[in-house]
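Residue-level structural notes
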Amino acid sequence: MNRFKTILNLDKKIFGVNARNRILVYPNNKKKDFILANDKIVTKQFFEHHNIPHPNTYAIIDKIGEINKKWSSLLKYKQLVIKPANGKAGGGILVLNKETENTWKTQSGKKYTYRDIRSFIANIIFGIYSFGTNDRTIVEYQIQSHNFFKKIYSKGVPDIRIITYKKIIINIMLRIPTDRSDGKANLHQGAIGVSVDLETGILKKAYDYKSYEIFHPDSKVIIEGLQIPFWQEILSISQKIANNSPLLFLGIDIAIDEYKGPLVLEINARPGIEIQNVTQTGLRDLLYANKI
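Reading the values: the criteria
- Residues numbered from 1 in each chain as written.
- Predicted model: local features only at pLDDT ≥ 70, side-chain atom pairs only at ≥ 80, totals over all residues.
- Heavy atoms only, no water.
- Buried < 20%, exposed > 50% of the residue type's maximum accessible area, 1.4 Å probe, protein only.
- Helix = DSSP H or I, 4+ residues; strand = E, 2+ residues; numbered from the N terminus.
- Contact = heavy atoms within 4.5 Å.
- Pairing = 2+ DSSP bridges.
- Core = buried A, V, L, I, M, F, W, Y, C linked by side-chain atoms within 4.5 Å.
- Salt bridge = Lys/Arg side-chain N within 4 Å of Asp/Glu carboxyl O.
- Phe/Tyr/Trp six-rings, centres within 6.5 Å; stacked < 30°, edge-to-face > 60°.
- Lys NZ or Arg CZ within 6 Å of the ring centre and 35° of its normal.
- Expected span 1.5 Å × (residues − 1).

Residues Ala 19, Arg 20, Asn 21, Leu 24 and Val 25 constitute the buried set of helix α2 (residues 17–25). Taken together, the buried residues of α2 touch β7 (159–165), β12 (249–257) and α10 (283–289).

Moving on, we come to the sheet that holds strand β13 (residues 261–268). In a beta sheet, neighbouring strands pair by backbone hydrogen bonds and run either parallel or antiparallel. Pairing is antiparallel in the open sheet, where seven strands are placed in the order β11-β10-β9-β8-β7-β12-β13. Among the strands making up the open sheet, the edge pair consists of β11 (212–213) and β13. Both β12 and β13 contribute to a ladder of seven bridges, which runs antiparallel. When the bridges of β13 are listed, Gly 251 appears paired with Asn 268.

We now examine the nonpolar core. Counting 53 residues, the largest nonpolar core has Ile 160, Leu 174, Ile 228 and Ile 241 as the members making the most contacts within it. If one sorts the elements of this core by residue count, strand β8 (residues 168–176) sits on top with six residues. Grouped together as the second largest cluster of nonpolar side chains are 18 residues, Ile 61, Ile 82, Trp 104 and Ile 125 included.

This part covers the pattern of salt bridges. The final tally for this structure, using the stated rule, is 15 salt bridges. We note a salt bridge from Glu 99 to Lys 111, for which the minimum N-O separation is 3.6 Å. Separated by 12 residues along the polypeptide, Glu 99 in the loop between β3 (94–98) and β4 (103–105) and Lys 111 in strand β5 (residues 111–113) bring together distant segments of the chain. Exposure remark for Glu 99: the relative accessible area of 35% places this residue in the partly exposed category. The salt bridge involving Glu 224 is made with Lys 205; its shortest N-O contact spans 3.4 Å.

Attention now moves to the packing of aromatic side chains. Counted by the stated rule, this structure contains eight aromatic pairs. Between Tyr 165 and Phe 249, the ring centres sit 6.3 Å apart and the planes meet at 75°, which makes this aromatic pair edge-to-face. With Tyr 165 in strand β7 and Phe 249 in strand β12, this residue pair connects regions lying 84 residues apart in the sequence. On the basis of an interplanar angle of 20° and a centroid distance of 5.4 Å, the ring pair of Tyr 207 and Tyr 209 is categorised as stacked. Accessibility expressed as a relative area gives 1% for Tyr 207, which makes it buried. The ring of Tyr 141 carries Lys 260 above its face, with NZ or CZ at 4.9 Å from the centroid.

Since the α-helix advances by 3.6 residues per turn, residues separated by three or four positions end up pointing in the same direction. For helix α6 (residues 114–125), with 12 residues, the first-to-last C-alpha span of 16 Å sits near the 16 Å given by 1.5 Å per residue. Where α6 is concerned, the buried positions are Ile 117, Phe 120, Ile 121, Ala 122, Ile 124 and Ile 125.

This brings us to the environment of Lys 69. Along the chain, Lys 69 falls in helix α5 (residues 67–72). Residue Lys 69 is classed as exposed on the basis of its relative accessible area of 70%. C-alpha of Lys 69 to C-alpha of Gly 261: the two residues are 192 residues apart in sequence and 32 Å apart in space.

Residues apart from glycine generally show negative phi values, whereas peptide bonds are mostly found in trans. A positive phi angle, close to 50°, is found at Lys 166, a residue other than glycine. Within the fold, Lys 166 resides in the loop between β7 and β8. The exposure class assigned to Lys 166 is partly exposed, which follows from its relative accessible area of 41%. Positive phi, close to 55°, is recorded for Gln 280, a residue that is not glycine. Note that Gln 280 resides in the loop between α9 (275–279) and α10.

Turning our eyes to something else, we now look at the environment of Lys 260. Here Lys 260 lies in the loop between β12 and β13. Sequence spacing of Lys 260 and His 146 is 114 residues, and the spatial spacing of their C-alpha atoms is 9.3 Å. Residues within four places of Lys 260 in sequence aside, it is in contact with Asn 56 and Tyr 141.

Now the structure itself:
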């Protein structure tokens, strides 16, 4: 972060983690409301109440003794996602495609038998991927990446991170998986971040922690100048969440499904600060520009 402060002359404009927490998170997000972002089952209930599109829930499993019966009801699905309700840093998420009646595999090709899956779900319930307590397992619809993104890079599901502050959308980036991130749209695992024009959804340069480029590092497809589909719908969904959420500093993650359009993956009460490097814009400047 210090290196980019120097390169971009952002010393007085950028927020580090401590400043983010002190100025943006804790004065604006009450502790009692953090559950809305931290517990994905509560998040889904919020989405359902406000008619916000999100991946359908196939099952919620909160007891070891329920796994056999509930998994049997899930065998009709060819693709699904298993994840903890209270996961942290993207851990404990398993994206599965059905191979045979009794075997599944991940996008990287790793095979899972029912015994493996049962063990994975049990670990979620034991709290292995959560904040130190027992957890619940969510099994949900697996998003099929929109063809717009497949033309840029075929693996994984890109997502759009929207930052809202006091119910105003202030910054946006697109995260695209790479070979290095193994199909994950996580910047810390090697995905690239792309700056996005807020008004139009037109893509700018991509940031890979080393430099700013106009193309995807693996496919070499030119990114700069492309326009994200469903842009006004994405802005409308984000604004609806911001208007109805008690969390006044918020990160919203949206993916675009080939068949269902924009779907909200999750919300975050402590969104990361890397978006400042991706968009080359300090959050301090954005607050000043929006007069908030």
